[in-house]
Amino acid sequence: MTLAEDRTAESGPEIGRARRRKEDRHLVTGRTTWTDNLVLPGMLHLAMLRSPMAHARITSIDTSEAKSRPGVVAVFTGRDFAETQGNLPCAWPVTPDMVNPGAPSLAVDQVNHVGEAVAVVVARTKAEAQDALEAIDVDYDPLPAVLDMEAALAEGAPLVHPNTESNRSYTWVFEAGAAGTGEPIEPALEQAEVTVKRRFIQQRLIPAFMEPRSVVVQPVGEGVHITSATQIPHILRTMVGLTLGIPEHAVRVTAPDVGGGFGGKIPVTPEEIITTLVARKLGKPCKFTESRSESLMTAHHGRDQIQDITITAKRDGTVTGLDVHLFADMGAYLRLVGPGVPILGAFMFNSIYKVPAYRFTCEGVFTTKTPTDAYRGAGRPEATFAIERIMDELAVELGMDPMELRRKNWIKHEEFPFTTVCGLTYDSGNYEAATDKALELIGWDELRREQAERRERKDPVQLGLGISTFTEMCGLAPSRVLGSLSYGAGGWEHASVRMLATGKVEVVTGASAHGQGHETAFSQIVADRLGVPFEDVVIIHGDTQSSPRGLDTYGSRSLAVGGTAIVKAADKVIEKARPIAAHLLEADADDLEFDAGKFSVKGAPGSAVTIQEIAFAVFMAHNLPDGVEPNLDSEATFDPTNFSFPHGTHLCAVEIDTETGRTKLRKYVCVDDIGNPVNPLIIEGQVHGGLAQGIAQALFEEAVFDDAGNLTTGTFVDYTLPSAADLPSFVTDRTVTASTDNPLGVKGVGEAGTIASTPAVVNAVVDALRAFGVNDIRMPATPERVWRAIHGASTEDRAAQGTNAYGGSRTFSSDGRGE
């Protein structure tokens with residue numbers, strides 16, 4: 001069903017209706033509560049002095065002049081908190097011997113990336129705090145910058161951290177032998193009829209959320225009330241307690257309106273810890289809000305991998321093996337889940353394909369760059385890019401159509417549930433249906449004919465077509481699986497449903513929204529489950545005082561995990577109401593049926609009572625069965641038994657001006673299968689936003705450092721984000737194969753667009769340039785890189801390759817030179 005069709009439904013079930021988001025009214029009318037809007041009596045303001053050097057020892061810090069500046073209350077350095085600040089938490093020790101050198105919030109003896117905080121000024125106004133920073137005098141003893149991952153691992157390389165023996169944090173290996181036999185993978189690789197090897201670069205990206213990070217900390221007795229622009233209020237509460245030794249019950253965390261996150265607001269940040277330390281030290285409420293340049297420079301970055309991929313196959317196209325080796329840049333420190341991000345991808349490199357033999361090796365590396373952590377998709381976009389790019393390269397080697405190669409190797413719809421080479425069980429899917437619909441929507445055959453015609457006439461504007469057929473693991477659960485991977489938390493989610501006397505419903509969820517539409521989607525679920533009006537449901541979230549249990553929002557888990565917890569709590573409400581309804585109707589409870597918000601006697605529909613009427617009867621408690629407490633409120637905790645696995649087919653057509661290198665997106669079609677849709681309008685928003693970010697990686701975005709370790713893309717002048725003018729009108733559609741692992745049948749959609757779109761676009765760009773002897777372009781495929789790739793290919797290369805749409809053997813590096 002398309003969005004236009006969805007919108008015509010004005011009655012009937014709530015689930016499946018394209019309702020406008022109820023949470024948007026206060027956002028678009030200026031009634032928001034961002035953290036930076038918060039003003040408390042006597043509140044002080046913080047400003048951070050940040051290192052201008054990527055790697056240096058701190059020999060001295062003189063704060064005397066800064067302390068005398070107008071409005072300044074105090075100035076602190078790392079020495080002042082050396083005994084109390086602890087280290088920022090890393091919750092994912094991926095191997096028993098993983099090296100974690102520690103990560104102070106405020107540097108004490110050494111700085112390890114540009115932008116690391118070395119001092120904090122506390123003043124009565126933000127401007128006064130900022131002005132006093134220039135009066136702090138810091139002496140640095142420079143150390144060599146460590147920027148290249150492979151060079152960082154070489155013998156004799158300068159160490160990022162003096163308390164380590166090398167710059168390697170960990171090596172994580174996963175191997176599944178041929179056809180699950182347990183035999184070594186080497187024979188499958190060495191005896192292959194066809195072998196294709198490629199190196200792909202996942203450039204470093206910046207989450208670039210709309211609202212910069214902000215935190216307000218108010219001392220309360222022995223504890224604190226932290227208001228933060230965070231994705232993880234519950235986890236932050238626990239981690240602050242553990243890091244600073246504050247009893248957990250004395251820590252309250254509130255995440256008010258949060259202006260986007262994309263994973264960028266998952267870690268416990270240095271600024272949250274510093275602000276808490278200062279507030280407790282001074283006994284005053286304190287606020288810190290970063291500038292945009294601080295956000296781009298010091299908030300964690302994403303991706304940054306070197307991917308060495310080997311795929312083997314028979315000459316008929318049957319894939320026989322896959323060998324993946326990654327170098328993953330951790331940056332200067334290990335953040336909350338940073339080491340585990342590439343490990344999540346380990347289970348997705350095989351994607352939708354029946355790969356019989358597989359090996360994955362990841363080396364986590366320290367450099368003197370901004371730390372990395374989760375960014376929308378977290379490991380799965382990287383994996384999808386690699387497998388979809390290498391499948392195209394294998395098709396070239398075999399002389400096969402790239403779509404036919406995929407069809408030959410993917411899991412057929414009748415083979416579900418299917419256990420992959422990685423041990424995951426995909427519960428449902430239909431890759432054929434999604435692909436057939438996508439091919440029809442884009443007009444694939446017509447575009448191929450046009451491409452051939454353009455090549456024949458040597459048109460200066462060449463057409464390229466790209467494919468991405470993908471799946472992803474969503475939900476970040478179950479807890480036992482996460483435990484087996486040494487993840488430092490569970491995968492459950494909690495919810496409670498409260499029936500008020502007037503029949504209104506309060507739903508408390510541990511999922512914490514930052515733009516996803518939770519309040520609308522969850523209200524639709526509860527309205528259907530309890531049979532109450534959509535408008536009568538209120539969603540409460542984002543405050544550990546009102547919502548004390550939860551594991552927050554990331555990894556496309558809110559609906560599949562958090563939504564299921566809500567369903568289970570609502571079902572308990574119904575069961576608690578059943579004996580009361582039977583009493584009021586003078587019937588046996590077993591003779592009642594519940595539908596559309598009413599209990600009725602089977603065979604006598606005229607004898608009925610609504611759940612809202614029961615709620616008032618419970619409030620009055622004048623006429624309840626003996627032994628039944630006057631309370632319908634219920635809660636539930638849901639820990640899934642499996643991940644959820646949305647999938648889809650994304651197709652992209654690009655036009656490349658060979659004289660300028662400019663790439664234009666001519667058409668983009670995606671057909672996603674996310675299980676049962678709850679709100680098609682929210683789905684469209686999530687897909688569109690995800691596509692924009694994935695396309696941005698392919699064509700626009702890259703965090704670049706110079707040889708000294710300075711971020712040279714530290715403003716939106718230099719770090720290029722696409723605007724609406726840079727993107728086409730997307731054609732989106734859906735197929736539906738319901739998940740069998742949760743009662744809603746949902747799978748997740750928050751990251752699908754980002755995961756699938758990047759390889760679709762790059763495959764299209766490379767496809768357009770095959771005739772020029774080009775078989776890869778490093779992302780982002782800027783006009784300069786494309787032009788250099790075209791004009792770097794020699795006449796001999798072109799003559800050898802001809803105009804075959806699937807020919808080509810030349811790889812181009814970041815500056816376009818052939819490798």
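S.K.: For this particular structure, what's the right way to read the overall build of the protein chain?
M.R.: What the protein chain contains, in helices and strands, is 22 helices and 30 strands. Against the globule reference of 28 Å for 819 residues, the protein chain gives a C-alpha radius of gyration of 28 Å, in line with a compact fold. Its C-alpha atoms give the protein chain principal-axis dimensions of about 95 × 75 × 50 Å. Taking as baseline every contact in the protein chain between residues at least 6 positions apart, the subset at least 24 positions apart corresponds to 79%. Summed over its atoms, the accessible surface of the protein chain is roughly 30100 Å², and 50% of this surface lies on carbon and sulfur atoms. The averaged location of the 108 negative side-chain charges in the protein chain is 2 Å from the averaged location of its 75 positive side-chain charges.

S.K.: How should I be thinking about the sheet that holds strand β26 (residues 647–657) in this particular structure?
M.R.: Pairing is mixed across the open sheet formed by four strands, whose spatial order is β18-β26-β27-β28. On the outer flanks of this sheet lie β18 (461–471) and β28 (731–734), each paired with one strand and no other. Strand-to-strand, the axes of this sheet are offset by a mean angle of 10°, without reference to chain direction. Contacting β18, β26 and β27 (663–673), helix α20 (residues 752–769) crosses the sheet at an angle of about 145° to β18.

S.K.: Mind showing me how you'd approach unusual backbone geometry here?
M.R.: A negative phi angle is the norm for most residues apart from glycine, just as the trans form is the norm for most peptide bonds. The omega torsion across F416 and P417 is -5°, close enough to zero to call that bond cis. With respect to the secondary-structure elements, P417 resides in the loop between α12 (402–409) and β16 (418–419). Cis peptide bonds are those with omega within 30 degrees of zero, and the linkage from M779 to P780 qualifies with -10°. A positive phi is found at A596, a non-glycine position, where the angle reads about 55°. Summarising the element assignment, A596 is placed in the loop between β22 (592–595) and β23 (598–601). For A621, which is not glycine, the phi torsion reads 60° and is therefore positive. As for its placement among the helices and strands, A621 is situated in the loop between α18 (611–620) and β25 (634–638).

S.K.: Explanation requested: the environment of A357 in the structure shown.
M.R.: Secondary-structure assignment places A357 in the loop between α10 (341–346) and β15 (358–366). Taking relative accessible area as the criterion, A357 reaches 0% and is therefore assigned buried.

S.K.: Explain the packing of helix α19 (residues 680–699) against α20 here, please?
M.R.: Angle between the axes and distance between the axes are the two parameters that describe a pair of packed helices. Relative orientation of the contacting elements α19 and α20 amounts to 40°, with a least axis distance of 7 Å. Considered as vectors, α19 and α20 are oriented oblique to each other. Relative to α20, α19 is oriented so that their crossing is right-handed. Counted together, V687, G690, L691, Q693, G694, I695, Q697, A698 and L699 of α19 and G753, T754, S757, T758, V761, V762 and V765 of α20 form the full contact between these two elements. Partitioned by chemical class, the residues of the contact of α19 with α20 number eight nonpolar, eight polar and no charged.

S.K.: Looking at this structure, I do not really get the environment of V746. What am I missing?
M.R.: With respect to the helices and strands, the residue V746 is situated in the loop between β28 and α20. Sequence-wise, V746 and D707 are 39 residues apart; in three dimensions their C-alpha atoms are separated by 47 Å.

S.K.: Whenever I open this one, the state of the cysteines confuses me. Can you help?
M.R.: What is meant by a disulfide is a covalent connection between two cysteines, made through their sulfur atoms. Under the criterion given, the structure shown has zero disulfides. Just so you know, C362 is unpaired, no disulfide at all, and the nearest cysteine sulfur is the one on C90, 13 Å from it.

S.K.: How should the pattern of salt bridges be read in this particular structure?
M.R.: In a structure, side chains of opposite charge can pair up when their charged atoms sit close to one another. In total, this model carries 53 salt bridges according to the counting rule given. Among the ionic pairs, E294 bridges to R50, the shortest N-O distance being 2.8 Å. You can see E294 sitting in helix α9 (residues 292–298) and its partner R50 sitting in strand β1 (residues 44–50), a full 244 residues away along the chain. Comparing E294 with R50, the two get one shared label, buried.

S.K.: Just checking my understanding: could you explain the side chain of R359 for this structure?
M.R.: Secondary-structure assignment places R359 in strand β15. Engagement of the side chain of R359 in a polar contact is seen with the side chain of D323, the distance being 2.8 Å. Residue contacts for R359: discarding those within four places in its chain leaves F174, E175, I185, E186, L189, L322, D323 and V324.

S.K.: Before we go on, may I ask you to explain the packing of aromatic side chains in this structure?
M.R.: The geometry of an aromatic ring pair comes down to the distance between the two centres and the angle between the two planes. Tallying each qualifying case throughout the model produces 16 aromatic pairs. A ring pair is formed by W172 and F360, whose centres lie 5.8 Å apart and whose planes are at 70°; its orientation type is edge-to-face. Note that W172 is positioned in strand β7 (residues 168–176) and F360 in strand β15, a separation of 188 residues in sequence. Taking 5.5 Å as the distance between ring centres and 80° as the angle between the ring planes, the aromatic pair formed by F416 and Y431 counts as edge-to-face. Within this pair, whereas F416 is found in the loop between α12 and β16, its partner Y431 is found in helix α13 (residues 431–442), the two being separated by 15 residues in sequence. According to the relative accessible area criterion, F416 is buried, its value standing at 14%. We classify Y431 as buried; its relative accessible area is 3%. Grouped by ring-pair contacts, the aromatic residues W172, F174, F347, F349, Y358 and F360 constitute a single cluster.

S.K.: Sorry if this is basic, but what is going on with the confidence of the model for the protein chain here?
M.R.: Atom-level detail of predicted coordinates should not be read off regions where pLDDT is low. Looking at the protein chain, the pLDDT average stands at 94 and 95% of residues meet or exceed 70. The model gives residues 1–9 a pLDDT under 50, and that stretch makes 15 contacts with residues more than four places away or in other chains. In the predicted structure, residues 794–819 sits below a pLDDT of 50 and forms 64 contacts with residues beyond four places in sequence or in another chain.

S.K.: How should I be thinking about helix α17 (residues 558–585) in this particular structure?
M.R.: Every α-helix winds through 3.6 residues per turn, so residues three or four apart in the chain are directed the same way. Between its terminal C-alpha atoms α17 stretches 38 Å, which fits the 40 Å expected from 28 residues at 1.5 Å a residue. Along its length, α17 shows its largest kink, about 30°, at R578, and proline P579 lies within four residues downstream of that point. At the C-terminal side of α17, E586 shows a positive phi close to 55°.

S.K.: Explanation requested: the pairing of strand β19 (residues 493–499) in the structure shown.
M.R.: On a regular strand, one side chain projects to one face of the sheet and the next to the other, so that they alternate. Within β19, six of the seven residues are buried, which leaves the element mostly enclosed by the surrounding structure. Here five bridges tie β19 to β25, and the two strands are oriented antiparallel to one another. Pairing of H494 across the sheet is with T637, part of β25. Sheet topology places β19 next to strand β20 (residues 505–509); five bridges connect them, and they run antiparallel. Pairing of R498 across the sheet is with E506, part of β20.

S.K.: Before we go on, may I ask you to explain the packing of helix α11 (residues 380–398) against α20 in this structure?
M.R.: In contact at an axis separation of 8 Å, α11 and α20 are set at 30° when each is read in the N-to-C sense. Comparing their axes, α20 and α11 come out roughly parallel. Pair α11 / α20 crosses with right-handed handedness. The segment α11 lies against α20, with R380, P381, T384, F385, E388, R389, D392 and E393 engaging T754, I755, T758, P759, V762, N763 and V766. Classifying every residue of the contact of α11 with α20 by side-chain character gives six nonpolar, four polar and five charged.

S.K.: Before we go on, may I ask you to explain the sheet that holds β15 in this structure?
M.R.: Picture the strands of a sheet paired through backbone hydrogen bonds; they go either parallel or antiparallel. Strand order across the open sheet formed by five strands is β7-β15-β14-β13-β8, with mixed pairing between neighbours. Both edges of this open sheet fall to β7 and β8 (194–205), since each of them pairs with a single strand only. In this sheet, adjacent strand axes meet at a mean angle of 10° when their direction is disregarded. Direction of pairing for β8 relative to strand β13 (residues 302–313): antiparallel, over a ladder of eleven bridges. Bridged to K197 within β13 is T310.

What counts, and at which threshold
All residue numbers here refer to positions counted from 1 along the written sequence of the relevant chain. Totals for whole chains, interfaces and linings use every residue, but because this is a predicted model, local features are given only for residues with pLDDT of at least 70 and side-chain atom pairs only at 80 or more, for both listing and counting. Only heavy atoms go into the side-chain values, all of them from the structure, while hydrogens and water stay out. A run of DSSP states H or I qualifies as a helix once it reaches four residues; a run of E qualifies as a strand once it reaches two. Both are numbered from the N-terminal end. This radius of gyration counts C-alpha atoms alone. The globule rule is 2.2 Å times how many residues there are, raised to the power 0.38. Residues count as neighbours in contact if any of their non-hydrogen atoms are within 4.5 Å of one another. What sets the accessible areas is the Shrake-Rupley method with a 1.4 Å probe; for residues, cover comes only from the shown protein chains. As used throughout, the charge tally considers Lys and Arg to be positive and Asp and Glu to be negative, leaving His and the chain termini uncounted. For this purpose, a charge sits on NZ of Lys, CZ of Arg, CG of Asp or CD of Glu. For two strands to be treated as a pair, DSSP must find no fewer than two bridges joining them. Angles run from 0 to 180 degrees between N-to-C directions of axes, and those axes are lines fitted to C-alpha atoms, restricted for helices to the stretch in contact. Exposure is judged per residue with a 1.4 Å probe applied to protein chains only, and the accessible area is read against the type maximum: over 50% gives exposed, under 20% gives buried, and values in between give partly exposed. When an angle is under 35 degrees it counts as roughly parallel; over 145 it counts as roughly antiparallel; between 65 and 115 it counts as roughly perpendicular; any other value is oblique. Left-handed describes a crossing whose near helix is turned anticlockwise from the far helix through less than a right angle; right-handed describes the clockwise counterpart. Each residue gets one of three labels, nonpolar for Ala, Val, Leu, Ile, Met, Phe, Trp, Tyr, Cys and Pro, charged for Asp, Glu, Lys and Arg, and polar for the others, Gly among them. Only a pair of cysteine sulfur atoms within 2.5 Å counts as a disulfide in this structure description. Think of a salt bridge as a Lys or Arg side-chain nitrogen and an Asp or Glu carboxyl oxygen that are within 4 Å of each other. Here a polar contact is taken to be a pair of N or O atoms separated by no more than 3.5 Å, where protein atoms must pair a possible hydrogen donor with a possible acceptor and residues adjacent in sequence count only if both atoms sit in side chains. To pair, rings of Phe, Tyr and Trp, with the six-membered ring standing in for Trp, must have centres within 6.5 Å; the planes then decide the type, stacked if under 30 degrees apart, edge-to-face if over 60, and tilted in the middle. Every residue carries a pLDDT, the predictor's confidence in it, which falls somewhere between 0 and 100. Helix span, as expected, comes to 1.5 Å for every residue beyond the first. In this analysis the local bend is the angle between axes fitted, respectively, to the seven residues ending at and the seven residues starting at the residue.

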